[in-house]
Amino acid sequence: MTPVPRSNRRRPDPPPRAPLGRGVDRTVSGPDGEWVVRELRGTSSEKTYTCPGCRQDIQPGTPHLVVWPSRGTFSPADGATERRHWHRACFGARGRRF
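Conventions adopted
- Residues numbered from 1 in each chain as written.
- Predicted model: local features only at pLDDT ≥ 70, side-chain atom pairs only at ≥ 80, totals over all residues.
- Heavy atoms only, no water.
- Salt bridge = Lys/Arg side-chain N within 4 Å of Asp/Glu carboxyl O.
- Helix = DSSP H or I, 4+ residues; strand = E, 2+ residues; numbered from the N terminus.
- Buried < 20%, exposed > 50% of the residue type's maximum accessible area, 1.4 Å probe, protein only.
- Core = buried A, V, L, I, M, F, W, Y, C linked by side-chain atoms within 4.5 Å.
- Contact = heavy atoms within 4.5 Å.
- Pairing = 2+ DSSP bridges.
- Axes fitted to C-alpha atoms, helices over the stretch in contact; angles between N-to-C directions.
- Phe/Tyr/Trp six-rings, centres within 6.5 Å; stacked < 30°, edge-to-face > 60°.

A.B. asks: Residues and numbers for the pattern of salt bridges, please.
C.D. replies: The final tally for this structure, using the stated rule, is four salt bridges. With its nearest N and O atoms 3.1 Å apart, the salt bridge here joins Glu39 to Arg26. Separated by 13 residues along the polypeptide, Glu39 in strand β2 (residues 33–40) and Arg26 in strand β1 (residues 25–30) bring together distant segments of the chain. Arg26 sits in the partly exposed class, given a relative accessible area of 38%. For Arg88, the salt bridge identified is with Glu39, shortest N-O distance 3.3 Å. In this pair, Arg88 is assigned in helix α1 (residues 88–92) and Glu39 in strand β2, connecting sequence segments 49 residues apart. Judged by its relative accessible area of 42%, Arg88 falls in the partly exposed class. Looking at Glu39, the relative accessible area reads 34%, which means it is partly exposed. Linked through salt bridges whose partners overlap, the residues forming this network are Arg26, Glu39 and Arg88.

Below, the structure is given as structure tokens:
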């Protein structure tokens, strides 16, 4: 049996990972505007937040989203000051709420 030579091709680098406890920002568009969304695993959260969708608490250690408008209401560059913490399902259902 003849041995098969090894491939010398370099494998592509894996995509960069976010630092532990931090998410990667992405932009989400909807009828209510453009939002910057960051997913948090919950490992870094130490405070209790109130979800604006369901008005219930997001306990420390719970995975959730941090969301802010891509452009601020009062200043185009000031959207990050308007960030809110949402449950994933609540943010996804924000357009169906009355």
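A.B. asks: Run through the nonpolar core, naming residues and quoting values.
C.D. replies: Val28, Val37, Cys51, Ile58, Leu65, Val67, Trp86, Cys90 and Phe91 form the largest nonpolar core, which has nine residues in total. Mapped by element, the contributors of at least two residues to this core are β5 (64–69) and α1. Residue contacts for Val37: discarding those within four places in its chain leaves Val24, Asp25, Arg26, Val28, Leu65, Val66, Val67 and Phe91.

A.B. asks: Any details on unusual backbone geometry? Residues and values, ideally.
C.D. replies: Both trends apply: most residues other than glycine have a negative phi, and most peptide bonds are in trans. One non-glycine residue, Arg55, lies in positive phi territory at about 60°. Judged by its relative accessible area of 64%, Arg55 falls in the exposed class.

A.B. asks: Residue-level account of the sheet that holds β1, with values.
C.D. replies: Strands sit in the order β1-β2-β5-β6 across an open sheet of four strands; the sheet is antiparallel. Only two strands of the sheet have a single partner each, and these edge strands are β1 and β6 (84–86). Each adjacent strand pair in this sheet contributes to an overall mean axis angle of 35°, direction not counted.

A.B. asks: Before we move on, could you go through the packing of aromatic side chains and cite the residues and values that matter?
C.D. replies: Here the structure, examined in full by the defined rule, presents one aromatic pair. Seen from their ring centres, Trp86 and Phe91 are 5.4 Å apart, and the 80° between their planes marks the pair as edge-to-face. Grouping residues by exposure puts Trp86 and Phe91 together as buried.

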